[in-house]
Amino acid sequence: ELEKVRSMLEKQLQDVGAEKDRLQERLDGADADLKAYKSEVEQMKELNSNVEAQLAAGRTRMEQAQAEVRDLTVSRDAALASLKASEAAAAAEGDAQLAALRAQISNA
C-alpha cells in the first residue's frame, strides 16, 4: 500500500515537473516575444522621429519658398508699376510732341 502511494506521488511529481517545464518554455517564449515587441517599438519610435525630422525640414523649406514667392510677387508688382508709369510718361511725351507738331502745322 505504501509503495502504491509512493508510486502515485512520484508520478504526480513527474507530472508537476513536466508541467513546470512546459510553463517555463511558454514563459521563455513570451519573454522572447516581449523583447521582440520592445525592439519593434523602439524601431517604430526611431522611424517616427526620422519622419518628424523630415516633416520639420519640409515645413522649413516650404516656409522659405513661400517667403521667396512673396518677395518675387512684391518685385513683380513694383516692376509692373514702374512699367505702367514709364508707359504713361511715354504716352504723355508722345501726346505733347504731337500737340507741338499740330501747333507748328497750324501756324505754318
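In case you missed it, the structure is sitting above this.
Residues numbered from 1 in each chain as written. Predicted model: local features only at pLDDT ≥ 70, side-chain atom pairs only at ≥ 80, totals over all residues. Heavy atoms only, no water.

Peer 1: Which parts of the structure should I look at to understand the overall build of the chain?
Peer 2: Along its length, the chain carries 1 helix and 0 strands. The C-alpha atoms of the chain give 46 Å as radius of gyration, which overshoots the globular expectation for 108 residues (13 Å, by more than 25%). Reported as C-alpha extents along the three principal axes, the dimensions of the chain are approximately 155 × 15 × 10 Å. The proportion of buried residues among the 108 residues of the chain is 0%. Carbon and sulfur atoms form 58% of the exposed surface of the chain, whose accessible area is close to 9,800 Å². (Helix = DSSP H or I, 4+ residues; strand = E, 2+ residues; numbered from the N terminus. Rg over C-alpha atoms; globule rule 2.2 N^0.38 Å. Buried < 20%, exposed > 50% of the residue type's maximum accessible area, 1.4 Å probe, protein only. Areas by Shrake-Rupley, 256 points an atom, 1.4 Å probe, with all protein chains shown as cover.)

Peer 1: Would you mind going over a nonpolar patch on the surface with me for this structure?
Peer 2: A cluster of nonpolar residues, M44, L47, V51 and L55, forms a patch on the protein surface that exposes about 350 Å² of accessible area. Since its relative accessible area comes to 49%, L47 is described here as partly exposed. (Patch = residues over 30% accessible without salt bridge, like charges linked within 9 Å, V, L, I, M, F, W, Y side chains within 5 Å. Salt bridge = Lys/Arg side-chain N within 4 Å of Asp/Glu carboxyl O.)

Peer 1: Just checking my understanding: could you explain the pattern of salt bridges for this structure?
Peer 2: When charged atoms on two side chains of opposite charge get close, those side chains can pair. Tallied over the full model, the rule gives 5 salt bridges. Its salt-bridge partner being D31, residue K35 comes within 3.5 Å of it at the nearest N-O pair. Placement of both K35 and D31 in helix α1 (residues 2-107) is noted, with a separation of 4 residues, approximately one turn of the helix. One salt bridge in this structure joins K45 and E42, with 3.8 Å as the shortest N-O distance. Within this pair, K45 and its partner E42 are both found in helix α1, separated by 3 residues, close to a single helical turn. Relative accessible area serves as the criterion here: at 48%, E42 is assigned to the partly exposed category.

Peer 1: Can you help me understand the environment of V5 in this one?
Peer 2: Relative to the helices and strands, V5 is located in helix α1. The exposure class of V5 is partly exposed, given its relative accessible area of 35%. Residues V5 and E93, 88 residues apart in the sequence, show an inter-C-alpha distance of 129 Å.

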